[in-house]
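Fold and geometry: a report
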2 protein chains.
Amino acid sequence: MPLKALDYESLNENVKKVQYAVRGELYLRASELQKEGKKIIFTNVGNPHALGQKPLTFPRQVVALCQAPFLLDDPNVGLLFPADAISRAKHYLSITSGGLGAYSDSRGIPGVRKEVAEFIEKRDGYPSDPELIYLTDGASKGVMQILNAIIRGEGDGILVPVPQYPLYSAAISLFGGSLVPYYLEETANWGLDVNNLRQSVAQARANGITVRAMVIINPGNPTGQCLSEANLREILNFCYHESLVLLGDEVYQQNIYQDERPFISSRKVLMGMGLPISKEVQLVSFHTVSKGYWGECGQRGGYFEMTNIPPKTVDEIYKIASIALSPNVPAQIFMGLMVNPPKPGDISYEQFIRESKGILESLRRRARIMTDGFNSCRNVVCNFTEGAMYSFPQIRLPPRAIEAAQRAGKVADVFYCLKLLEATGISTVPGSGFGQKEGVFHLRTTILPAEEDMPAIMDSFKKFNNEFMDQYEDQRGYSRM
Amino acid sequence: MPLKALDYESLNENVKKVQYAVRGELYLRASELQKEGKKIIFTNVGNPHALGQKPLTFPRQVVALCQAPFLLDDPNVGLLFPADAISRAKHYLSITSGGLGAYSDSRGIPGVRKEVAEFIEKRDGYPSDPELIYLTDGASKGVMQILNAIIRGEGDGILVPVPQYPLYSAAISLFGGSLVPYYLEETANWGLDVNNLRQSVAQARANGITVRAMVIINPGNPTGQCLSEANLREILNFCYHESLVLLGDEVYQQNIYQDERPFISSRKVLMGMGLPISKEVQLVSFHTVSKGYWGECGQRGGYFEMTNIPPKTVDEIYKIASIALSPNVPAQIFMGLMVNPPKPGDISYEQFIRESKGILESLRRRARIMTDGFNSCRNVVCNFTEGAMYSFPQIRLPPRAIEAAQRAGKVADVFYCLKLLEATGISTVPGSGFGQKEGVFHLRTTILPAEEDMPAIMDSFKKFNNEFMDQYEDQRGYSRM
């Protein structure tokens, strides 16, 4: 028989080349163990509700009413829903083109895009144009749309931080481009050194690659750092001189766990740099309802904002978005609610603030518990999680552990993380899934387990790590086999 | 200044090549006119709720409760929701991994995939494996995933019916493949002649193209025909002998408006053909919550089922789905509800059946009103809409109309549809957006306007068409200019 198109051997090679560690070997093994009845703590993906975070009440009330608009005519509706949720639901229904069951415009509901523009203007102090804001099914889909427009073939390179969130490496592989890594400095709290960028670009050019765009993840995933304004200015200057599009992944902008370095958007810094830079650097910024303290991952809502992108390109991106008709409408409502939450004086305001604060303050404490926990472990060092929702400790694996991993046919950090999973049920992602310097090993875990479970989880980690190090460290005097 | 990556001139050429007529020139003009205050009847896209179709009550109740799970603890919940909606909501929440706010597995919630498998088994009489069913954000996203896996470059061809739904041409352009058209026979009620297929494949091969897959849309979009079992058997035989993957777009399987030719799935026919064909032909079948009589387009829910696809390929498709983490969870619940609706004896059963019947019977009447209406117009002929939700009348444009269109720089059917839009507010899609034989012109309209509005819309169309024909037909004796 000849090969058929969906035989593995005959698939699109770009599809086969994709690697996606967040749902890779570790996740698959964890899922197997769970099926076998083992209790798994899924810290492989930033999925707060899966680890027990409760949804915020107000947005869920509004979306529930939008899903069941007939309730608005029910005389008992006030027994279950507050008046401000009812009026917001009516507002959103009035700006859809037929409720949640109708496709919206492929760029999203105009009224919600306007709310997003108002949010951005308020955040940054510069006006924002709703026509340049497109709503998406989560930020990932937006990133993929933009990379798809940029990448023409393997000669096109995209600068990506290492360690990186594997969406970028996966999407670049899928679209047949080249990932050009720039290394973040772990010893400088995962800082970004523009000299590293220059070197990366020079080396890519020497290999015949045209570097077309640069990705920053701020706050960092998996690395948790917040970029300073000065650093962002350097980056934008660099993009200007190298004619690079800047892709600003800012999905963790609400997840900040220290006060020294608040989030500042790439767009705000760009606008503040004045001419010619402020009118020249092409910037696409991404945000989502999945992260922040909402954590509404399963709804799949996001947006991107385009700055200095020519109108003909904006139209092309609209056209591509049209192929799948529209982003899901309920998540568009969530996006509207996220950028336009209850205000002082609204009936639901106090509850909303109480719930929001509760989540954010707990995340801040958890970031601290986790970093401190890791730093108390043998051969483990970990930068503080300034923002986002991950810890990315370095694990100094003894040479004998690395050899044992080689014998088992595993990358050394995969070997460590698998043993951690089997011993404790903690499902992490090996650092090799995000990229790291040669011979240096990490793991990524979210800071999302419930606060009350955190001490036990860190104890369990510490116990495992101790036993692992006992087993593989030479100086402990164990047999070398 | 050098070109930047998001300058139009430097975009990915495949992106620029994409055409998407359903949201193309006509839609953009209609949106402009709407902004200017003109009343527009959007029949360009199958979007029932946008034209006033009410959502079914039961599924909306269930999803509203899933969005607001705190209502389940409210003593007043029974005042607004029936007990069976409450228990279904509890069921769905129990099979998610943290409610609607948590990412699901990238293939979808296992429990919903099981419900889909049971639906397929009941529909076809052959067992179906949930592991081979992936949930998606609408069927379009699924089609794109599969085409992306199949297409390696412009040497790879996909057989697509002409006229076709432009998702196929757009996605094939985007992925850099080649569309290989096969023509449906308008005079044979848009029937599919296997000899046409053979010719198309032979011609593609002569041009150096490897034909890898074949698309069928059953019931047809935009053409509305239902394929007979005998025809499906011929198609599957053809795919077997030519080693083609069959992509069965069956999103309109519940939209049937005659009794002679009920929907029959490709999979059922394949399974019934026996060895070796039943184990050899690679088939991917698509379904959605957007169509049928649910019309829940804005929710973006769908699935595809893979038959005879090797496990390694199934894993690759899983990996690609993982990049965007998970399909939106609320729409997964809609999919579960669609394949597993209320049963006789359930509290909500009668209302559900009444609502469902009301919609389907009205669609059946509207299909008839529209076909008859078109056929009563001068120079218009239209096959009956056996299924799906479109009419695709042929408009016999007089030579002088074609010349006038050329002078205006428009394709002739675009010219006609634009004039129709300006005169009546009826927003259709020109046949050229779907493909048609040289020199033959059509338009596509949905059958979705409210039944009570239908006579007035058809009168308005008829009046416009008469005036148009008066203006451009020679024999009427008007001046030639």
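An unreviewed UniProt entry annotates chain A as Glutamate--glyoxylate aminotransferase 2 of Pyrus ussuriensis x Pyrus communis. The record in UniProt for chain A states the following under Subunit (unreviewed entry): "Homodimer." We quote the UniProt Cofactor (unreviewed entry) comment for chain A here in full: "pyridoxal 5'-phosphate".

**A look at the UniProt feature "domain: Aminotransferase class I/classII large" (unreviewed entry) in chain A**
With numbering matched to this structure, UniProt assigns "domain: Aminotransferase class I/classII large" (unreviewed entry) to residues 88–449 of chain A. Across residues 88–449 of chain A one finds 43% helix and 15% strand; the C-alpha atoms that close the span lie 32 Å apart.

**Looking at the sheet that holds strand β14 (residues 443–446) of chain B**
Residues and elements named next belong to chain B. Read across the open sheet, the three strands follow the order β10-β14-β13; overall the sheet is antiparallel. Sheet topology places β10 (390–391) and β13 (429–430) at the edges, where each strand pairs with a single neighbour. Here β10 runs beside β14; their pairing, made up of two bridges, is antiparallel. Each residue of the ladder has a partner; that of Y390, found in β14, is T446.

**Side note on the sheet that holds strand β7 (residues 283–288) of chain B**
Residue and element names in this part refer to chain B. Strands sit in the order β2-β8-β7-β6-β5-β3-β4 across an open sheet of seven strands; the sheet is mixed. Looking along the sheet, the strands with just one partner apiece sit at the ends: β2 (133–136) and β4 (178–183). Within this sheet the neighbouring strands show an average axis-to-axis angle of 25 degrees, counted without direction. Relative to strand β8 (residues 302–307), β2 runs antiparallel, the two being bridged by four bridges. Looking across to β8, one finds that Y134 is bridged to F304. Lying on the sheet, helix α7 (residues 139–150) is in contact with β2, β3 (156–162), β5 (210–217), β6 (245–249), β7 and β8; it crosses β7 at an angle near 160 degrees.

**Considerations on the interface of chain A and chain B**
Where interface size is quoted, it is often the accessible area lost as the parts come together. Contacts between chain A and chain B engage 97 residues on the former and 97 residues on the latter. Overall, the association of chain A and chain B removes approximately 8,300 Å² of surface from exposure, summing both partners, and the carbon and sulfur fraction of that is 60%. The largest contributions to the chain A side of the interface with chain B come from L6, Y103 and I323 of chain A, which together make up 10% of the buried area. Counting across the chain A and chain B interface gives four salt bridges. Between K141 of chain A and D137 of chain B there is a salt bridge; the shortest N-O distance is 3.4 Å. The interface formed by chain A and chain B holds 48 residue pairs in polar contact (both at pLDDT 80 or more) in total. Elements with a contribution of two residues or more to the side of chain A that touches chain B: α1 (13–17), α2 (25–35), α3 (57–67), α4 (77–80), α7 (139–150), α8 (167–174), α13 (311–323) and α14 (329–339) of chain A. When residues of the side of chain A that touches chain B are assigned to their parent elements, the largest contribution, eight residues, is made by α13 of chain A. Looking at the side of chain A that touches chain B residue by residue, the class counts come to 52 nonpolar, 26 polar and 19 charged.

**Some points on the nonpolar core**
One finds L147 and Y416 of chain A together with L147, Y416 and F461 of chain B to be the most contacted residues of the largest nonpolar core, which totals 264 residues. Dropping the residues within four chain positions of it, Y416 of chain A is found in contact with I395, L397, L443, F461, F464, N465, F468 and M469 of chain A.

**Overview of the side chain of K141 of chain B**
Relative to the helices and strands, K141 of chain B is located in helix α7. A residue is classified by how much of its surface remains accessible, and K141 of chain B, at 16% relative accessible area, is buried. Excluding residues within four positions of it along the chain, K141 of chain B makes contact with D137, K141 and A324 of chain A.

**Describing the domain arrangement of chain A**
Residue and element names in this part refer to chain A. Per the domain assignment, the segments of chain A are domain 1 (8–39 + 361–476) and domain 2 (95–339). Put simply, the middle of domain 1 and the middle of domain 2, counted by C-alpha atoms, are 27 Å apart. The partner domain 2 presents 33 residues to the 31 residues of domain 1 that form the contact. Carbon and sulfur atoms make up 53% of the area that domain 1 and domain 2 hide from each other, which totals about 2,600 Å². Joining domain 1 to domain 2, the criterion identifies three salt bridges.

**A closer look at the relation of the copies chain A and chain B**
Turning chain A through 180 degrees and shifting it by 0.0 Å along the axis lays it on chain B, with an RMSD of 0.0 Å. These values place the two chain copies in the arrangement generated by a two-fold rotation axis. It is A64 of chain A whose C-alpha, among those of chain A, lies nearest the rotation axis, at 2.1 Å. When the interface residues of chain A are mapped onto chain B, 100% of them again fall at the interface, so both copies present the same face.

Calculation criteria
- Residues numbered from 1 in each chain as written.
- Chains lettered and ligands numbered in written order.
- Predicted model: local features only at pLDDT ≥ 70, side-chain atom pairs only at ≥ 80, totals over all residues.
- Heavy atoms only, no water.
- UniProt positions renumbered as here; feature names shortened; annotations may be inferred.
- Helix = DSSP H or I, 4+ residues; strand = E, 2+ residues; numbered from the N terminus.
- Pairing = 2+ DSSP bridges.
- Axes fitted to C-alpha atoms, helices over the stretch in contact; angles between N-to-C directions.
- Contact = heavy atoms within 4.5 Å.
- Buried area = accessible area lost by both parts, 1.4 Å probe.
- Salt bridge = Lys/Arg side-chain N within 4 Å of Asp/Glu carboxyl O.
- Polar contact = N/O pair within 3.5 Å; in protein donor to acceptor, adjacent residues only side chain to side chain.
- Nonpolar A, V, L, I, M, F, W, Y, C, P; charged D, E, K, R; others polar.
- Core = buried A, V, L, I, M, F, W, Y, C linked by side-chain atoms within 4.5 Å.
- Buried < 20%, exposed > 50% of the residue type's maximum accessible area, 1.4 Å probe, protein only.
- Domains from an automatic or database assignment.
- Least-squares fit on C-alpha atoms with pLDDT ≥ 70 in both.

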